[in-house]
Amino acid sequence: MEDNGTEVTAAGIARLAGVGRAAVSNWRRRHPDFPKPVGGTDTSPSFALGEVEGWLRRQGKLAEVPLRERVWQHLAGHPEGPLTALVLAGCVLVLVHDRPGVWKEASAGSDAHLAELLPTALEQVLASGALHGSAVPVPAPERLRPSAPLLRGVAELAAELGAPEAYEFLLGRYLDANPRQYTLTPDGPAALMADLAGPARTVLDPACGTGALLRAVAPLPEQRLYGQDGDPALAAFTALRLTLHTKAAVRTAAGDSLRADAFDTLRADAVLCHPPFNERNWGHDELTYDPRWEYGFPARTESELAWVQHALARLKDGGTAVLLMPPAAASRRSGRRIRADLLRRGALRAVIALPAGAAPPYNIPLHLWVLRRPEGAPAHPELLVADGGAATAEARGGPDWESVRTAVLDAWRPFARSGSVSEVPGVSRSVPVIELLDDDVDLAPARHLPPPAAGGGAEELTALSARLGETLRRTAELSEPLPAPGAAPRSPVEQVRWSLTTVGELARGGALLMRSGGNGPSSRVLTDHDVLAGTAPSGTLPAVGEEPVLVEEGDVVVPVLGGGAVARVIDRVTAGAALGRNLTLLRPDPAALDAWFLAGFLRGTANTRQASSYASTATRLDVRRLQLPRLPLDRQRRYGEHFRALAAFEDTLRLAGRLGEQLVRGLHDGLTDGTVAPD
């Protein structure tokens, strides 16, 4: 059956054929038999996917298209939209995963046969086992018929990747394509929140989104996972995703947990929640006398404190809740009475500051609140305050979650056992509740943590100063002598004597290989910021099922955004990292191109200017248009030696700058906190 209901844009056609959008425009002009638009607009038309695939196949342009790309195009162009298609795909993957024989029987015949048999098979899977009672709709046969090509493709993808990985790829691809539509919880904070909650057989997430927090829970026998979300599609995604990844019983529901709680009788061992922030319309007027407000009725501007009390209400006695909170919730005056009551009754156990960049909004250092439903009067009336970012280096690619996890859990675990913990300056401290019950009840960790010793004290500052001096001497040694002031400059004729080629021509001729970054999964990723700053790989990539591009020693990596003239040669230490987004990798053939020669000429300001295009808010570099001279290999290597020396000089200057900043900051802190004397 040819699928004429699914539509695809020109950009999608370009991805299918592995070409640029300009090539698709040329095909439309040059080939009268190219499929006509069936939708979209004059400036962004859409085409029937079945007709496009047929045309590409006849032209011999579809042979090498990866299966995952074809399945994605069916999903993205589904007649009822990608959300419906993702639910259908997830249902089929659960069927393939749990009952492969049933899928084999249903898919053996025509598309009409598949559409007739599939609803019954899906109902049996959803009505029993792990998904019993979850918010996953079963479509009627007439709605399934246009989806048959997608469903068959999804099953093929499951055979290639595995059913869980196939769903992660499709869901991750959709979320990447719609980054502003959903607030996601990254894997790092999700895993930390699950660690803080500890082992639990019954876990609830009342604002589950795509299920990241529930997926991070450590598996236990006879475990039950509950999720609710106001978006029915997200509730379905969570149920399908968890069923494919865990053996736990999963139940999800669609609806607003504050206004229409689907699990009002549940008493869970743990609650994990990343609630919506700064919601004014959370139900303040209609929930005035709700029994969940044991610690006080939240103000209209304190929606997060409503979620805190909802989480406590769904815990059994002694159960633990961990919520991701905006920092303002720890100090807003409108919430001070509720915060005070949480402290007095021993419900709030810890407030932990995370490093900036942990989760959206990424420019704010969010907090984790750890709460326990009181079983009696608190034996140790203290609150743990901690700063998880104190042990983490700043990086645009994201925090080092292993060091954050270690710092936080090293403070939380002894505190959870004894109700107190030894003080670590700048990192953690247990504060007596009586010290916090003032007019503000300000719980921000920065207010209560003693500062760390400035740079480790005077001895370390002295060592830092010595290291800076040695680095500055090194920069003087590495700086090459400049031409004498009276030396004659090279003539323009001499400057343009060589003939030029482009990176694109070299790639077509086999002298180098070009690859683009951004695939995953990987926990060690070289980001564009790492390349610009000359730092170690600091990023991560989501587990979306695609193979990452790993850099090798001698590769040249070029950022494509920002308009700067930067190219980095990969060394032995960086080799093996995955290539991040907005980066292009050039892998030269050592028999034809010297890597340092290539990187050096790519950094020429005039070169990058002529290869750049300009939008209203960004500059993009077309790496294929970058130029370099045609020179024999021995001549390339002579240039390469000089470019390598310049790179070493640049790295040493960066190090000197960082050391100087540390020294100045350490001296300021030391003088102001008394650890360094003026004399």
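Above this text is the structure in question.
These figures come from a predicted structure and were not determined experimentally.

Moving on, we get to the packing of aromatic side chains. Taken as a whole and judged by the stated rule, the model has 13 aromatic pairs. With a centroid separation of 5.6 Å and an interplanar angle of 50 degrees, the aromatic rings of tryptophan 27 and tryptophan 55 are classed as tilted. Taken together, the positions of tryptophan 27 in helix H2 (residues 21-30) and tryptophan 55 in helix H3 (residues 49-58) put the pair 28 residues apart, joining distant regions of the chain. Assigned by exposure class, tryptophan 27 and tryptophan 55 land together as buried. Look at phenylalanine 34 and tryptophan 55: their rings are 4.8 Å apart centre to centre, the planes differ by 70 degrees, and that puts the pair in the edge-to-face class. With a gap of 21 residues between them, phenylalanine 34 in the loop between H2 and strand E2 (39-40) and tryptophan 55 in helix H3 connect regions that are remote in the sequence. By the burial criterion, phenylalanine 34 is buried, and tryptophan 55 matches it. Aromatic rings pair up to connect Trp27, Phe34, Phe47 and Trp55 into one cluster.

Now for the sheet that holds strand E20 (residues 583-588). In spatial order, the strands read E14-E20-E17-E18; together these four strands make up an open sheet with antiparallel pairing. Pairing within the sheet leaves two strands with one partner each, and these edge strands are strand E14 (512-516) and strand E18 (568-569). Where strand E17 (residues 556-559) lies against E18, two bridges are found, and the strand directions are antiparallel. Residue pairing across strands places valine 556 opposite valine 569, the latter belonging to E18.

The nine strands lie next to each other as E6-E5-E4-E7-E8-E10-E9-E11-E12, forming an open sheet whose pairing is mixed. Looking at which strands have only one partner, the edges of the open sheet turn out to be strand E6 (249-254) and strand E12 (428-432). For this sheet the average axis-to-axis angle between neighbouring strands, irrespective of direction, equals 15 degrees. The strands that helix H11 (residues 187-197) touches are strand E7 (268-273), strand E8 (315-325), strand E9 (348-353) and strand E10 (367-372); relative to E8, the one it contacts most, it runs at about 160 degrees. In the packing of helix H15 (residues 336-344) onto the sheet, contacts are made with E9, E10 and strand E11 (382-387), and the angle to E10 comes to roughly 50 degrees.

The next point concerns unusual backbone geometry. The omega torsion across proline 360 and proline 361 is -5 degrees, close enough to zero to call that bond cis. Turning to its location among the elements, proline 361 is positioned in the loop between E9 and E10. Notably, glutamate 222 is not glycine yet its phi reads approximately 55 degrees, a positive angle. For glutamate 222, a relative accessible area of 77% translates into the label exposed. With a phi close to 65 degrees, asparagine 582 is a non-glycine residue in the positive phi region.

Criteria and cut-off values
Per chain, residue numbering runs from 1 following the sequence as it is written. Local features are withheld for residues below a pLDDT of 70 in this predicted model, meaning they are given only at 70 or higher, and side-chain atom pairs are given and counted only at 80 or more; totals for whole chains, interfaces and linings count all residues. The side-chain numbers reported here are obtained from all heavy atoms of the structure, hydrogens and water having been left aside. Classification of ring pairs rests on two measures: the distance between centres of Phe, Tyr or Trp rings, Trp counted by its six-membered ring, which must be within 6.5 Å, and the angle between planes, read as stacked under 30 degrees, edge-to-face over 60 and tilted in between. Strands are runs of DSSP state E lasting at least two residues, helices are runs of H or I lasting at least four, and both sets are numbered from the N terminus onward. The classification of residues rests on relative accessible area computed with a 1.4 Å probe and restricted to protein chains. Under 20% of the type maximum is buried, over 50% is exposed, and intermediate values are partly exposed. Here, a strand pair is defined by DSSP locating no fewer than two bridges between the strands. In this analysis an axis means a line fitted to C-alpha atoms, helices contributing only their contacting stretch, and an angle means the value between N-to-C directions, from 0 to 180 degrees. Residue contacts follow a heavy-atom distance rule, with two residues in contact if any of their heavy atoms lie within 4.5 Å.

Interpretation note: all reported values are geometric properties and have no functional meaning in isolation.
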